[in-house]
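What the coordinates show
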Amino acid sequence: MIDFKGSHFERDVILWSVRWYVAYPMSYRQLEEMMEERGVEVDHSTLNRWVVKYAPLLENQFRARKRAIGSSWRLDETYVKVKGCWKYLYRAVDKVGATVDFLLTAKRDCKGALRFLRKAIGQHGEPEKITIDKSGANTAAIERYNAEHGADIEIRRIKYLNNIVEQDHRAVKRVTRPMLGFKSFRSAAATLSGIELMHMIRKDQLQTTGKLRPAQQFYALAA
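Computed from a predicted model, the values in this text were never measured in an experiment.

Reading the values: the criteria
Residues numbered from 1 in each chain as written. Predicted model: local features only at pLDDT ≥ 70, side-chain atom pairs only at ≥ 80, totals over all residues. Heavy atoms only, no water. Helix = DSSP H or I, 4+ residues; strand = E, 2+ residues; numbered from the N terminus. Rg over C-alpha atoms; globule rule 2.2 N^0.38 Å. Buried < 20%, exposed > 50% of the residue type's maximum accessible area, 1.4 Å probe, protein only. Polar contact = N/O pair within 3.5 Å; in protein donor to acceptor, adjacent residues only side chain to side chain. Contact = heavy atoms within 4.5 Å. UniProt positions renumbered as here; feature names shortened; annotations may be inferred. Core = buried A, V, L, I, M, F, W, Y, C linked by side-chain atoms within 4.5 Å. Expected span 1.5 Å × (residues − 1). Bend = angle between axes of the 7 residues up to and from the residue.

With that out of the way, let us pick up the overall build of the chain. In terms of helices and strands, the chain carries eight helices and five strands. Secondary structure elements of the chain occur, N-terminal to C-terminal, as α-α-α-β-β-β-α-β-α-β-α-α-α. A compact globule built from 223 residues would reach a C-alpha radius of gyration of about 17 Å, and the chain, at 18 Å, matches this within 12%. Evaluated residue by residue, the chain yields a buried proportion of 49% over its 223 residues.

A separate point is the side chain of Thr-46. With respect to the helices and strands, the residue Thr-46 is situated in helix α3 (residues 44-63). We classify Thr-46 as buried; its relative accessible area is 15%. Within the local environment of Thr-46, its side chain forms a polar contact with the side chain of Arg-49, the two groups lying 3.0 Å apart.

Attention shifts here to the environment of Ala-98. Among the secondary structure elements, Ala-98 is positioned in the loop between β2 (85-94) and β3 (99-105). Separated by ten residues in sequence, Ala-98 and Tyr-88 have C-alpha atoms that sit 20 Å apart. Once residues lying within four places of it in the same chain are set aside, the contact partners of Ala-98 are Ile-69, Ala-92, Val-93, Lys-203 and Gln-205.

As a further point, take the UniProt feature "domain: Integrase catalytic" (unreviewed entry) in the chain. The UniProt record marks residues 52-222 with the feature "domain: Integrase catalytic" (unreviewed entry), using the residue numbering of this structure. The distance separating the terminal C-alpha atoms of residues 52-222 is 15 Å; by composition the span is 47% helix and 20% strand.

The next thing to look at is the nonpolar core. If you look at the biggest cluster of nonpolar residues, it comprises 43 residues, and the most contacted ones within it are Val-18, Trp-50, Leu-58 and Phe-218. Of all elements in the fold, only α1 (11-23), α2 (28-37), α3, β1 (72-82), β3, α6 (163-176) and α7 (185-202) reach the threshold of two or more residues within this core. Ranked by residues supplied to this core, first place goes to α1 with eight residues. Sequence-distant contacts of Leu-58, defined by excluding residues within four places in its chain, comprise Ile-2, Leu-15, Val-18, Leu-197, Phe-218, Leu-221 and Ala-222. Counting 22 residues, the second-largest nonpolar core is a separate cluster that includes Ala-92, Val-100, Ala-120 and Ile-132.

Moving on: α3. Here α3 contains 20 residues, and its C-alpha end-to-end distance of 28 Å stays within 8% of the 28 Å for a straight helix at 1.5 Å per residue. Maximal helix bending in α3 amounts to about 30 degrees, located at Tyr-54; proline Pro-56 follows within four positions. Among all positions of α3, only Thr-46, Leu-47, Trp-50, Val-51, Val-52, Tyr-54, Ala-55, Leu-58, Glu-59, Phe-62 and Arg-63 are buried. Its buried side turned inward, α3 meets α1, α2, β3, α4 (110-124), α7 and α8 (214-220).

And the structure:
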C-alpha cells in the first residue's frame, strides 16, 4: 500500500492530480486551473512534487501485477528534453504492441542500451529475438549481453517490423509535448514512469479481477 500520510490533501485529490497529468497533454499550470475549478486550491509546484513522488510508486505497484509479454521484442529509443538538452528514452514493445519496458538515459550508447536490456530482462526474462534499427549501440549491447550470460538472443534489423515501437513512441510524446521539457533528470524519469504506466494500463497490461476502466485500474494500484 502506498503511504499518503503527512499530506495536507486527501488521498483521492492527489491521485486525481497525478493521473490527469500523466494521462493527458497538459502543463502544471493548466492542471492547477482544473483543480481550482473543482474547489481544490493547490499550487503547480505542489502538483509537480506529487507526480515526482507518487508516479514511480504507482509504477512499482503495477510491475507486480503486469501481464506477461511476448518473446519477440522491438527495441528503439526516442528523445526527451531535460534542462534544454536531449536525453534518450529507451523503449521496447513485443510483437503485438504490449510495452516491455522503458529507461531514460543521459547518453545513447552501448552502456545505456545494456542498462535498459538488463532492466527489461530482469523483469520479463530473456526474449528469443530483438528487432532493432541499424544502431551500433543496440547491436553491441545485445551482443555483450549474450556473451556475458551465455544467451542466444537473435538480433534482427528489419525496419518495417520496428515500426510498431516507433508508432508507440507517439503516445508518450503526445503527453510530454505540452510540458516543454523537464527541469531535472529525476523529474523527467519520475514523470515518464507515470506516463508509461498510464499507457500500459490503456493497453490492458494490468492483471485485474473484473472489468475496470483505465482510471479505476490506476486508482486501484494505490489500494
